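# Chain and residue survey
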Amino acid sequence: MTSSDRSQAVDEKRSYEVRTYGCQMNVHDSERLSGLLEDAGYVRAPEGSDGDADVVVFNTCAVRENADNKLYGNLGRLAPMKTKRPGMQIAVGGCLAQKDRDTIVKKAPWVDVVFGTHNIGKLPVLLERARIQEEAQVEIAESLEAFPSTLPTRRESAYAAWVSISVGCNNTCTFCIVPALRGKEEDRRPGDILAEVEALVAEGVSEITLLGQNVNAYGSDLGDREAFSKLLRACGEIEGLERVRFTSPHPRDFTDDVIAAMAETPNVMPQLHMPMQSGSDPILKAMRRSYRQERFLGIIEKVRAAIPHAAISTDIIVGFPGETEEDFQQTMYAVREARFANAFTFQYSKRPGTPAADMDGQIPKEVVQERYMRLVALQEEISWEENKKQVGRTLEVMVAEGEGRKDGATHRLSGRAPDNRLVHFTKPDQEVRPGDVVTVDITYAAPHHLLAEGPTLMVRRTRAGDAWEKRNAAPAQPAGVMLGIPTLGVPAPLPAAVSGCVVPASS
């Protein structure tokens, strides 16, 4: 491609849209897919385009119920749009693509590109190849080609960032297909992770979330059992980094040195998402979860002793094969004892390709639904009681973007407390930007949020707020990189769902 051809490609400003389903690892990958496309000369389609883009990318999940039906339904809705729009391309990636491979093109022959979890960096090349050859490109790598965090990125937030420290998982939970799709755990070198964090802070990011399918198993690939606690402490030495979070740990690997690092590192936030999945020892054994109720509750007790104000959340599956009423009551008991700030609760449903799908003792849906409703009611009660304990406290809240859907009507702003609780507060007279920090008194508690109805005590303008203001004042222009040949740049990237690996993101 000549320079004039390249200029023409940029002038055409081919637009793209990325639709993300599933966990936060997929959100992280989608930021890389966006970065790759923009590095190749594409521009992001306006919000609400709903398929009205030159390239539509689906980053799929194989964990969520009816994930395949949802994908094919969405692909079906795009088929007539593609017929009317010459040159439009559709790409499907992520876990469902890794699992179904050629099936996607057979069921939806209008799809141009299918790629897997291990080769997201190939997307621009595959799109260009499909355009030139005028046929679908299906390329599924069996092993990781490049760590996602080394790829170009377009972060959704100017002030908060995901930082992947590992990919894959070595666990064999019987309900989870993630290890088969993401592969065995591979750890990044600590120096690479810290270099990325420092680069993000230099750009204005003030909050990072360390991300992994089993984040506290970090170090198993490096031969250092204390690598994760050391990484937390190292993050505490980075000037300008105000908040450090991580998701999601596994109780099996959650050791005392991690608790100590959380308690002793000021910028590690008093928040923990710890997937329990069940409170019944027999069900935990059937799930191949290598801990039991006593071990799990012991971890919670240690965390609360070291970090009294920690907010602890969890994942729970109701109706796993073989679950009796007695098993369910053990889960209810564990929830009462743990007193989670909130819980992501799921009704078990079969996932093809998992051992649990073929187990005896599948529970009737109506029984699962009834138990689920009892669990949700109990957790709502506990969440409200725990939130009421926050009333009267003075908290520093990092102002967020898009967290309060009714903020315009209520003349409030919203943000996150150090423990990640959602706080709505009265809009102060002075300008406040996402990424800035306000100090407020909590006056009211609901099950899922807190209110600060009085005047804001203090507003602290931050470099993160400056970064948000700069991003919104001057939208980035496409780099004009030759289509199909993405460049690798300096690493620069932002509470699994039923898998128990990472906290579910919205879909």
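Structure: see above.
## A few points about the overall build of the protein chain
Summing up its helical and strand segments, the protein chain has 16 helices and 21 strands in all. Taken over the C-alpha trace, the protein chain has a radius of gyration of 23 Å; the compact-globule value for 507 residues is 23 Å, and the two agree within 12%. For the protein chain, the C-alpha atoms occupy an extent of roughly 65 × 60 × 50 Å along the three principal directions. Across the 507 residues that make up the protein chain, the buried fraction comes to 58%. Carbon and sulfur atoms make up 50% of the accessible area of the protein chain, which totals about 21,300 Å². Charge centroids of the protein chain, computed over 60 positive and 71 negative side chains, lie 2 Å from each other.

## Some remarks on the sheet that holds strand β3 (residues 55-60)
Read across the open sheet, the six strands follow the order β2-β1-β3-β4-β5-β6; overall the sheet is parallel. Two strands close off the open sheet at either side, each with one partner strand: β2 (43-44) and β6 (137-139). Bridge count for strand β1 (residues 15-20) against β2 is two bridges, and the pairing is parallel. Across the sheet, residue serine 15 finds its bridge partner in β2, namely valine 43.

## Digging into the environment of leucine 210
With respect to the secondary-structure elements, leucine 210 resides in strand β10 (residues 207-211). Along the chain, leucine 210 and proline 270 lie 60 residues apart, while their C-alpha atoms are 14 Å from each other. Among residues more than four places away in sequence, those in contact with leucine 210 are Val163, Ile165, Val215, Phe228, Leu231, Leu232, Cys235, Val244, Arg245, Phe246 and Thr247.

## Quick word on the packing of helix α9 (residues 227-235) against helix α10 (residues 256-264)
Following both chains from N to C, one finds α9 and α10 inclined at 5°, their axes separated by 8 Å at the closest point. Between α9 and α10, the angle is such that the two are roughly parallel. Between α9, through Phe228, Ser229, Leu232 and Arg233, and α10, the contact on the second element is made entirely by Asp257, Val258, Ala260, Ala261, Met262 and Glu264. Across the contact of α9 with α10, the residue classes break down as six nonpolar, one polar and three charged.

## Focus on the side chain of arginine 243
Assignment of secondary structure puts arginine 243 in strand β11 (residues 243-247). Buried charge without a partner: arginine 243 forms no salt bridge, and the closest opposite charge is glutamate 207, 4.2 Å away. Within the structure, arginine 243 has its side chain in polar contact with the backbone oxygen of alanine 417 (distance 3.5 Å).

Cut-offs used in this document
- Residues numbered from 1 in each chain as written.
- Predicted model: local features only at pLDDT ≥ 70, side-chain atom pairs only at ≥ 80, totals over all residues.
- Heavy atoms only, no water.
- Helix = DSSP H or I, 4+ residues; strand = E, 2+ residues; numbered from the N terminus.
- Rg over C-alpha atoms; globule rule 2.2 N^0.38 Å.
- Buried < 20%, exposed > 50% of the residue type's maximum accessible area, 1.4 Å probe, protein only.
- Areas by Shrake-Rupley, 256 points an atom, 1.4 Å probe, with all protein chains shown as cover.
- Lys, Arg positive; Asp, Glu negative; His and termini not counted.
- Charge placed at Lys NZ, Arg CZ, Asp CG, Glu CD.
- Pairing = 2+ DSSP bridges.
- Contact = heavy atoms within 4.5 Å.
- Axes fitted to C-alpha atoms, helices over the stretch in contact; angles between N-to-C directions.
- Parallel < 35°, antiparallel > 145°, perpendicular 65-115°, else oblique.
- Nonpolar A, V, L, I, M, F, W, Y, C, P; charged D, E, K, R; others polar.
- Salt bridge = Lys/Arg side-chain N within 4 Å of Asp/Glu carboxyl O.
- Polar contact = N/O pair within 3.5 Å; in protein donor to acceptor, adjacent residues only side chain to side chain.

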